[in-house]
Each structure stands twice: as structure tokens, then as C-alpha cells.
Amino acid sequence: MAFWELLLLAVGLSMDAFAVAICKGLSIDRVTGKRAVVVGLWFGGFQALMPFLGWLLGSRFAAYITAVDHWIAFLLLGLIGANMIRESRGGEEHVDSSFRPRSMLPLAVATSIDALAVGVTFAFLRVEIGPAVSCIGVITFLLSAAGVYIGGAFGDRFQGKAELAGGVILVLMGSKILLEHLGILAI
């Protein structure tokens, strides 16, 4: 996977976390650097952890399903992306203003479940997992921290657009993987 592809994938995966970070910024009375870093660490950490766990799981089974791995990658990324697009059209979500682990853990897990599935596809595609999870974690950290500031400054105007953009990116990445493996696009 080329660096630019990994970067696009990282941005796409981080859009759920970015949207929730905007909501976090909306839910608090005052945005501080500490709060932005806390949100970035939770979301970036889980966005890095989940694809690693998915990669571990996928690595165990990759030998059994290499003949259909491109279809699996296409379906997983396509479903995740379509779900993000659907959610971008939904109503406003309420986010708790607390930064305690009891509040942040469920949000971090919920926004990173799709990264677990992407990690499975990494195993099928034989992606170097270290640079991949590092890129995803750093991009998510940066966008989530920025999301807190954006939420505090601009309100919820950008939440749906962020999820929509992330969904479109994931659907396009899944389609590209499928078309490359079918020989329609040159690798």
C-alpha cells in the first residue's frame, strides 16, 4: 500500500472520531489544550490499537482465504464506508461532556470498530502493520484534537460532512483494492 493510500485510509478512518471530537467540543464550556490532547489520545490510541488487533486476527486466517481476500477487503471497506455515509445523514448525536475514562472508553471503542475490520484487510493485503497503525493513530490524534477546537468554535455544522467524506474515502479505497485484484486497474 502506497503512503498516499495509507494516508487517505487513515483520514477516512478518523472521520468518526473527528465527528465525535467536534461533539465533545460542543459539549464543553471551554476548550483547552489538555482536553483536546485527552480526546486525541483516546481516539488516536484506539484507532491504532484496533487495526493491529484486526491484523493479528486476519494473519491467523489469511492463508485460508487468500483467493477471496480482495472481495473481503472490498466488502468490509464498502460496508464501513456506506455505514458512515448513512450516519452522516442522520440526526444530531448527544455526547457527554465528561473526559473521564467511563465516558471516553465507549466513545473510543465505538469510533474504532471499523478500524478493526480494516486491520483484517491489512493482513490479507500484507500491509506492514507498524507504519500503518502509526499513521492511523497519529492522523486520528491530530484530527480529533483539532475536532475539539472546531466543535468549540464552529458548532455542529461540520460533523455530518466529516462522516460523509470519511465514508466516501473508504468506499473508494475498497473499490480500488477490488479493481486492482481483478486486473481492471494497474497495480
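None of these values were measured; they are calculated from a predicted model.

*Asks:* Sorry if this is basic, but what is going on with the overall build of the chain here?
*Replies:* In terms of helices and strands, the chain carries six helices and zero strands. Helices (α) and strands (β) of the chain occur, in sequence order from the N terminus, as α-α-α-α-α-α. Counting across all 187 residues of the chain, residues that qualify as buried make up 48%. When contacts within the chain are restricted to residue pairs at least 6 apart in sequence, long-range pairs at least 24 apart make up 92% of them. As displayed, the chain has an accessible area near 9,200 Å², and 68% of this comes from carbon and sulfur atoms.

*Asks:* Just to check I follow, could you spell out the packing of helix H1 (residues 3-27) against helix H5 (residues 129-154) for this structure?
*Replies:* The relative placement of two packed helices comes down to the angle between their axes together with the axis-to-axis distance. Remark: H1 packs on H5, axes separated minimally by 7 Å, with the N-to-C direction vectors making an angle of 30°. By the angle between their axes, H1 is roughly parallel relative to H5. As H1 packs across H5, the resulting crossing turns out to be right-handed. Each residue belonging to the contact of H1 with H5 can be placed in one class, and the counts come to 19 nonpolar, seven polar and no charged.

*Asks:* Please clarify how the confidence of the model for the chain should be interpreted in this entry.
*Replies:* Regions with low pLDDT carry predicted coordinates that are not meant to be interpreted in detail. Of all residues in the chain, 86% have pLDDT values of 70 or greater, and the mean over the chain is 83. When mean pLDDT is taken per element in the chain, H5 scores highest with 94 and helix H6 (residues 159-181) scores lowest with 74.

*Asks:* How do you make sense of the packing of aromatic side chains when you look at a structure like this?
*Replies:* What characterises a pair of aromatic rings is the spacing of the ring centres plus the angle enclosed by the ring planes. Taken as a whole and judged by the stated rule, the model has three aromatic pairs. With a centroid separation of 6.1 Å and 15° between ring planes, the pair formed by Trp-42 and Phe-46 is classed as stacked. Within this pair, Trp-42 and its partner Phe-46 are both found in helix H2 (residues 33-65), separated by four residues, close to a single helical turn. Taking the relative accessible area as the measure of exposure, Trp-42 reaches 22% and is therefore partly exposed. When its relative accessible area of 18% is taken as the criterion, Phe-46 is described as buried.

*Asks:* So what exactly am I meant to see when it comes to the packing of H1 against helix H4 (residues 101-125) here?
*Replies:* Packing of H1 against H4 leaves a shortest axis separation of 11 Å and a crossing angle of 165°. Overall, the two elements H1 and H4 adopt an arrangement that is roughly antiparallel. The element H1 and its partner H4 pack so that their crossing is right-handed. Here Leu-6, Leu-9, Leu-13, Asp-16, Ala-17, Val-20 and Lys-24 of H1 lie close against H4, whose contacting residues are Ser-103, Met-104, Leu-107, Thr-111, Asp-114, Ala-115, Val-118 and Phe-122. Across the contact of H1 with H4, the residue classes tally to 10 nonpolar, two polar and three charged.

Conventions and cut-offs
Residues numbered from 1 in each chain as written. Predicted model: local features only at pLDDT ≥ 70, side-chain atom pairs only at ≥ 80, totals over all residues. Heavy atoms only, no water. Helix = DSSP H or I, 4+ residues; strand = E, 2+ residues; numbered from the N terminus. Buried < 20%, exposed > 50% of the residue type's maximum accessible area, 1.4 Å probe, protein only. Contact = heavy atoms within 4.5 Å. Areas by Shrake-Rupley, 256 points an atom, 1.4 Å probe, with all protein chains shown as cover. Axes fitted to C-alpha atoms, helices over the stretch in contact; angles between N-to-C directions. Parallel < 35°, antiparallel > 145°, perpendicular 65-115°, else oblique. Left-handed = near helix turned anticlockwise from the far one by under 90°. Nonpolar A, V, L, I, M, F, W, Y, C, P; charged D, E, K, R; others polar. pLDDT = per-residue confidence, 0-100. Phe/Tyr/Trp six-rings, centres within 6.5 Å; stacked < 30°, edge-to-face > 60°.

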